Amino acid sequence: MRKVADFMEMKNPTLSVKEMQEIVDEWVKEYGVRYFSELTNMTCLTEEVGELARVMARTYGDQSFKEGEKPNLGEEMADVLWVLVCLANQTGVDLTEELRKSFVKKTTRDKTRHLRNPKLK
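Values in this document were obtained by computation on a predicted structure and should not be read as measured data.

S.K.: Go over the packing of aromatic side chains, please, and point to the residues and values.
M.R.: As enumerated under the stated definition, the model contains 2 aromatic pairs in all. Ring centres of Trp27 and Tyr31 lie 5.6 Å apart, and the angle between their planes is 35 degrees; on these two criteria the pair is classed as tilted. Taken together, the positions of Trp27 and Tyr31, both in helix H2 (residues 17-31) and 4 residues apart, correspond to about one turn of that helix. With a centroid separation of 5.2 Å and 85 degrees between ring planes, the pair formed by Trp27 and Trp82 is classed as edge-to-face. Of this pair, Trp27 sits in helix H2 while Trp82 sits in helix H4 (residues 73-91), and the two are 55 residues apart along the sequence. Cluster of aromatic residues (ring-pair linked, three or more members): Trp27, Tyr31 and Trp82.

S.K.: Account for the packing of H2 against H4, naming residues and giving values.
M.R.: Two numbers describe how H2 lies on H4: the axes approach to 9 Å, and their chain directions differ by 85 degrees. Classified by the angle their axes make, H2 and H4 are roughly perpendicular. Residues Met20, Gln21, Val24, Asp25, Trp27 and Val28 of H2 form the contact with H4, whose own contacting residues are Leu81, Trp82, Val85, Cys86, Ala88 and Asn89.

S.K.: Which residues make up the pattern of salt bridges, and what values do they have?
M.R.: Summed over all chains, the structure comprises 11 salt bridges. Taking the shortest distance from any N to any O, the salt bridge between Lys11 and Glu9 comes out at 3.0 Å. Looking at Lys11, the relative accessible area reads 57%, which means it is exposed. On the basis of relative accessible area, Glu9 is assigned to the partly exposed category, the value being 49%. Close ionic contact of Glu75 with Lys70 constitutes a salt bridge, the shortest N to O distance being 3.7 Å. Using a relative accessible area of 48% as the deciding quantity, one classes Lys70 as partly exposed. Shared partners join several salt bridges into a network, and the residues in it are Lys3, Lys18 and Glu22.

S.K.: Before we move on, can you summarise the environment of Trp82 with the specific residues and values?
M.R.: Taking relative accessible area as the criterion, Trp82 reaches 34% and is therefore assigned partly exposed. Between the alpha carbons of Trp82 and Thr43 there is a distance of 13 Å; along the sequence they are 39 residues apart. The contact partners of Trp82, leaving out residues within four places of it in the chain, are Val24 and Trp27.

S.K.: Summarise the nonpolar core; cite the residues concerned and give the values.
M.R.: The biggest cluster of nonpolar side chains holds 8 residues, and these are Met20, Val24, Val28, Tyr35, Val85, Cys86, Ala88 and Leu95. Of all elements in the fold, only H2 and H4 reach the threshold of two or more residues within this core. Look past the residues within four positions of Met20 in its chain and what remains in contact with it is Leu15, Leu81 and Val85. Counting 7 residues, the second largest nonpolar core, distinct from the first, contains Leu52, Val55, Leu73 and Val83.

S.K.: Give me the lowdown on unusual backbone geometry, citing residues and values where you can.
M.R.: Trans is the prevailing form of peptide bonds, just as negative phi is the prevailing case for residues other than glycine. A positive phi angle is found at Met10, which is not glycine, with a value near 60 degrees. As for its placement among the helices and strands, Met10 is situated in the loop between helix H1 (2-8) and H2. Residue class for Met10 comes out exposed when judged on its relative accessible area of 53%. For Val33, which is not glycine, the phi dihedral falls at a positive 70 degrees. When you line up the elements, Val33 lands in the loop between H2 and helix H3 (38-60). By relative accessible area, which is 71% here, Val33 ends up exposed.

Analysis parameters
Residues numbered from 1 in each chain as written. Predicted model: local features only at pLDDT ≥ 70, side-chain atom pairs only at ≥ 80, totals over all residues. Heavy atoms only, no water. Phe/Tyr/Trp six-rings, centres within 6.5 Å; stacked < 30°, edge-to-face > 60°. Helix = DSSP H or I, 4+ residues; strand = E, 2+ residues; numbered from the N terminus. Axes fitted to C-alpha atoms, helices over the stretch in contact; angles between N-to-C directions. Parallel < 35°, antiparallel > 145°, perpendicular 65-115°, else oblique. Contact = heavy atoms within 4.5 Å. Salt bridge = Lys/Arg side-chain N within 4 Å of Asp/Glu carboxyl O. Buried < 20%, exposed > 50% of the residue type's maximum accessible area, 1.4 Å probe, protein only. Core = buried A, V, L, I, M, F, W, Y, C linked by side-chain atoms within 4.5 Å.

Encoded structure:
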């Protein structure tokens, strides 16, 4: 549990994606007993994205916060990231490699697309 403790105490305040996957896995095995099933985690991810959407709608959209609600945008983003990392870990996805491949794909496919988009100027 050293990596988790070090991160929580800000002894290692920056993480690579690989390290993030490792410490989430360490935490789940120590405190969470085991991962929820993939389907349960997918449902949890959907729920967390909905909570993020609610905060976004109230912070940047036309809705207002209800009494007792707070603008916890970072907390909701972290919850989404947590569940996504859990899903990656339990399905054997290396997020670092997949992110690298996504950069390659987007750079190849969209190299000039956004530069030529008049809506972005």
